[in-house]
Amino acid sequence: MIEYATRMLSAAEEYSIDGSKHGQVALQSSLLRRSLATSLWGAGDGVLNQLRGIGHKTTAKLRFHGILSFADVLTTSSEIMERAAGRDPPFGNEVRIAP
C-alpha cells in the first residue's frame, strides 16, 4: 500500500509542478512522500528514528520516558537515555554525538 501511495504522490507532485500557481500541492506531496519513505508521520513522531542506532522500538521507549526531540536528546544525560532505552553504555554518548 505504501508503494502505491508513494507512486501516487510522485504523480501528484509532478502534475502540480506545472499546474499549481503557488506550488503548495507539489510541496505537500513531496513532504508526505518523504514522510512515507522515512516512516515519519508528524513533527514529533519518529523524529528520533533519524539518529543512527535508534529504531522504532527504541524510539517508543524514549518517547515513553519523555525524550521526544533532538533537543531532549541534547539536554538529557547519557545515563538517563540508556536507562530509558534499556541499552548499555556508551549508547547515550553515541546518540548525543550522532551525525
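Residues numbered from 1 in each chain as written. Predicted model: local features only at pLDDT ≥ 70, side-chain atom pairs only at ≥ 80, totals over all residues. Heavy atoms only, no water.

A. Representation of the environment of Ile 97 within the structure. Checked against the element boundaries, Ile 97 lands in the segment after helix H6 (91–96). Assessed through its relative accessible area of 69%, Ile 97 is described here as exposed. Along the primary structure Ile 97 and Leu 74 are separated by 23 residues, whereas in three dimensions their C-alpha atoms are 9.0 Å apart. (Helix = DSSP H or I, 4+ residues; strand = E, 2+ residues; numbered from the N terminus. Buried < 20%, exposed > 50% of the residue type's maximum accessible area, 1.4 Å probe, protein only.)

B. How the structure looks around helix H3 (residues 56–64). Turning to H3, its buried residues number three or more, namely Thr 58, Thr 59 and Leu 62. On an axial view of H3, the arc spanned by its buried residues comes to 100°, and they lie on one face. Exposed residues on H3 whose side chains face more than 90 degrees from its buried face are His 56, Lys 57 and Phe 64. Looking at the buried residues of H3, the elements they touch are helix H5 (78–85) and H6. (Arc of directions from axis to C-beta. Contact = heavy atoms within 4.5 Å.)

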